[in-house]
Amino acid sequence: MKKNKFMLLSLLFAVMLMINACSSAPAAEPAPEKPAPQEEQAPAETEPKNENSTPEMDFDMGGRTIKVVAWWDMQITDNNPDNIKRLENLEALKKKHNFNIEYVSIDFGEYQEKVVASLMAGEPLGDFVRLGKNYAIPALTKQDLLWPVDDYIKNDQVFNQKTTKEYMQYEGKGYGFTEDKSSFINGIFYNRTLMQELGLKPLQEYVDADEWNWDNFLAVAKQANKDRNNDGKLDTWGLAQTGLLEPILYSNEASLTKEDKQNLEDPKTKEALNFLNKLATEKVGRPTEGGDWTEPATFFRQGNTLMYSGAMYEIEGIKTDMPDYDIGFLPYPKGPSASAYHSGESRYQAITIPKAVENPEQLMYIWEKINEIDSIYDYPEQSTLERHLTDEADINNAREVAAGMLVLDHNTFPSLPYWDFDGELKEGVSVSTLIEKYKAPFQAAIDEVYK
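Report follows, based on the coordinates. The model shown is predicted, which means the values in this text are computed figures rather than measured ones.

**Focus: the overall build of the chain**
Reasoning step 1: Assigned secondary structure in the chain consists of 17 helices and 14 strands.
Reasoning step 2: Sorting the 451 residues of the chain into buried and exposed places 47% on the buried side.
Reasoning step 3: Considering only contacts within the chain whose residues lie at least 6 apart along the sequence, 76% involve residues at least 24 apart.
Reasoning step 4: For the chain, the exposed surface amounts to about 24,600 Å²; the carbon and sulfur share of it is 50%.

**Looking at helix 3 (residues 108-120)**
Reasoning step 1: A rise of 1.5 Å per residue sets the reference length of helix 3, with its 13 residues, at 18 Å; its end C-alpha atoms lie 19 Å apart and thus fit the reference within 8%.
Reasoning step 2: Along helix 3, the positions that sit buried rather than exposed are Tyr111, Val115, Val116, Ser118 and Leu119. Projected down its long axis, helix 3 carries its buried residues within an arc of 160°, all on one side. Set apart from the buried face of helix 3 by more than 90 degrees, the exposed residues are Gly109 and Glu113.
Reasoning step 3: Those residues of helix 3 hidden inside the fold are in contact with strand 1 (64-70), strand 3 (128-132) and helix 4 (133-136).
Reasoning step 4: With a side-chain oxygen lying 3.0 Å from the backbone nitrogen of Gly109, the N-terminal cap of helix 3 falls on Asp107.
Reasoning step 5: Positive backbone phi, approximately 75°, marks Gly122, located one or two places after helix 3.

**Description of the side chain of Ser182**
Reasoning step 1: Relative to the elements of secondary structure, Ser182 occurs in the loop between strand 5 (173-174) and strand 6 (186-191).
Reasoning step 2: In terms of polar contacts, Ser182 uses its side chain to reach the side chain of Asp180, at 2.5 Å.
Reasoning step 3: A distance of 3.4 Å separates a polar atom in the side chain of Ser182 from a polar atom in the side chain of Glu381.
Reasoning step 4: Each residue touching Ser182, except ones within four places of it in the same chain, is listed here: Asn160, Pro380 and Glu381.

**A few points about unusual backbone geometry**
Leaving glycine out, the prevailing phi sign among residues is negative, and the prevailing peptide bond configuration is trans.
Reasoning step 1: A cis amide bond links Ile137 with the next residue in sequence, Pro138, at an omega value of 5°.
Reasoning step 2: By the element assignment, Pro138 lies in the loop between helix 4 and helix 5 (161-167).
Reasoning step 3: The backbone of Glu253 shows a phi angle near 55°, a positive value even though the residue is not glycine.
Reasoning step 4: Counting through the fold element by element, Glu253 comes out in the loop between helix 9 (245-251) and strand 8 (257-258).
Reasoning step 5: Even without being a glycine, Asn359 presents a positive backbone phi close to 55°.

**Some details on helix 10 (residues 267-281)**
Reasoning step 1: Relative to the 21 Å expected for 15 residues at 1.5 Å per residue, helix 10 spans 21 Å between its end C-alpha atoms, a close match to the ideal helical length.
Reasoning step 2: Residues of helix 10 that are buried include every one of Thr269, Ala272, Leu273, Phe275, Leu276, Asn277, Leu279 and Ala280, and no others.
Reasoning step 3: In this fold, the buried residues of helix 10 make contact with helix 8 (214-224), helix 9, helix 16 (418-426) and helix 17 (431-450).
Reasoning step 4: In this structure Asp266 caps helix 10, since a side-chain oxygen of it lies 2.9 Å from the backbone nitrogen of Lys268.

**Some words on the pattern of salt bridges**
Reasoning step 1: Scanning the model with the defined rule gives 22 salt bridges in all.
Reasoning step 2: Asp326 serves as the salt-bridge partner of Arg192, at 3.0 Å between the closest nitrogen and oxygen. Within this pair, whereas Arg192 is found in helix 6 (residues 192-197), its partner Asp326 is found in the loop between helix 12 (315-321) and strand 11 (327-330), the two being separated by 134 residues in sequence.
Reasoning step 3: Note that Lys334 and Asp210 form a salt bridge whose closest N and O atoms lie 3.1 Å from each other. Pair noted here: Lys334 is in the loop between strand 11 and strand 12 (344-345) and Asp210 is in the loop between helix 7 (203-208) and helix 8, with a separation of 124 residues, a long-range link.

**Some thoughts on the side chain of Lys133**
Reasoning step 1: Within the fold, Lys133 resides in helix 4.
Reasoning step 2: Using a relative accessible area of 9% as the deciding quantity, one classes Lys133 as buried.
Reasoning step 3: Not counting residues within four places of it along the chain, the set of residues in contact with Lys133 comprises Tyr167, Met168, Tyr348, Gln349, Val407 and Asp409.

**A closer look at the sheet that holds strand 10 (residues 305-311)**
Reasoning step 1: Pairing within the open sheet is mixed, and its four strands lie in the order 7-10-6-11. Of all the strands in the sheet, just strand 7 (237-239) and strand 11 have a single pairing partner and so form its edges. Neighbour to neighbour, the strand axes of the sheet diverge by 30° on average, direction disregarded.
Reasoning step 2: One ladder, built from five bridges, connects strand 6 with strand 10; its direction is antiparallel. Note that in strand 10 the partner of Gly187 across the bridge is Gly310.
Reasoning step 3: The strands touched by helix 15 (residues 392-403) are strand 6 and strand 11; relative to strand 11, the strand with the most contacts, the crossing angle is about 35°.

Conventions used here
- Residues numbered from 1 in each chain as written.
- Predicted model: local features only at pLDDT ≥ 70, side-chain atom pairs only at ≥ 80, totals over all residues.
- Heavy atoms only, no water.
- Helix = DSSP H or I, 4+ residues; strand = E, 2+ residues; numbered from the N terminus.
- Buried < 20%, exposed > 50% of the residue type's maximum accessible area, 1.4 Å probe, protein only.
- Contact = heavy atoms within 4.5 Å.
- Areas by Shrake-Rupley, 256 points an atom, 1.4 Å probe, with all protein chains shown as cover.
- Expected span 1.5 Å × (residues − 1).
- Arc of directions from axis to C-beta.
- Polar contact = N/O pair within 3.5 Å; in protein donor to acceptor, adjacent residues only side chain to side chain.
- Salt bridge = Lys/Arg side-chain N within 4 Å of Asp/Glu carboxyl O.
- Pairing = 2+ DSSP bridges.
- Axes fitted to C-alpha atoms, helices over the stretch in contact; angles between N-to-C directions.

As C-alpha cells, then:
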C-alpha cells in the first residue's frame, strides 16, 4: 500500500515538473507572414560626379624634381583649410607618381630677362613658369616655345577657363592656365564719411538704380570739389587723380590696340578718349602737388578726397591708415557702350609649360589633382572681401567687377608711346589731334612685335 502510494506521488511530481517546464519554455514564434510587395527603393543620393575631371592616370616620374618658377615663392602654405587639403593631395601624388617639387623665386626686376633668355636657349628654368602675357604672347608663342594647354584644362572646377580660353590665346590656342578663380579687382574706393559730411546722395544708390555712369560720376566729382572754409581755395575734392586712361577704357569695353592693329579710331575708344578729355579740360581731378605715382593714394588718405581709383590689394592699407573713416567700394562708372561693370588688367600673367619640357600631360594632371578640392569658400576672394569690406553692397560690387574683368594688350608692345599719349591726353589735347598724331607710331610698335 505504501509502495503504491509512493509510486502515485512520484508520478504526480513528475507530471507537475513536466507542466512547469512547458510553461517556462519560450513560446513558439508564429510563422512569418508573406511580406507585402514594396515599392522599389530609390538609390541613396550622392554628390554629383565631376564629369570634366581627368580620369586617374598611372605613371612614374622616376624621382624627377618638378620646378615651379615665379617672381615670388609659390609654395603652398597651410594658412587655410583649402590649402591644407592641397598639401595633402600633393603629398599623396608625390608618393604615387615618384616626384619631388621645388619652388623657385626670381627677383621681379630681372625676372623677364632671365626667364625669356632661358626659353630662347631651350633650357627653361622650370617645368611650370609664370609669364606675363605682354611678353609671352605673341613674342614667345609665335616661336613655338610654349605648350598649348587647351586639352588639359577641361576640369572647370579646378582651372579658370577664362585664362586659357580668352586671356592667354594666340591663333586659336591657349598657352597659359591657373587654378586661381579670382580676378584682379579694381574700381573706385570712396569715403562714405566725407560723402555724408558733404550731404551728397549715397553713391551706392546710383549703382542700385543702374545709373552709375560717366555723367553721374562726373557730376559727383564736381559736387565734392568744394571750398568749405571760404578762403577761395578748394579744401575737398571729388577725385584723387587725373590719370584714368586704363580704367575708362575698361569701363567702355574699349582698347588702344586689338591684336595686331592700333585701335584708336574705334568708336568705343573714341568715346573713352573724349570723356578723358572732358575730365582734363574741366579740371575735375585733384591737381598734383609734385608727388610721384603714389600721390593720389596719399591724397585719399588725408580724408578730404571723396573718390580714389585703386585696386583691392590696397584696401587693408587704406583702412589701417583711415581708421576714423567709413570706406566703400564702387565699380568704375559704366561707359555708354558698355554692357556691364568691369575691372581690368594690362599686365596679365599666368602659368605656362615650356615646349622643351617633356610630358606636359603628366604635369597638367599633377597640377589638376593638387587643386581638385571641395573648397570651403562660396566664391573667390571671399575671405579677403568679407574681412575688409563691411557693407554687403561693397562686396557685391567687387564680385561683379571681378566677373567682368577685361585684359588690355597695349603693354605687349615695348615701343608703343603710351605715356606720351597719356600725358598729352591729361593736358587736354584734342582727341582728333591725338589720334592723328599717334595712330602711325602705335601701329609701327605693333608691327615690330607681330611682323
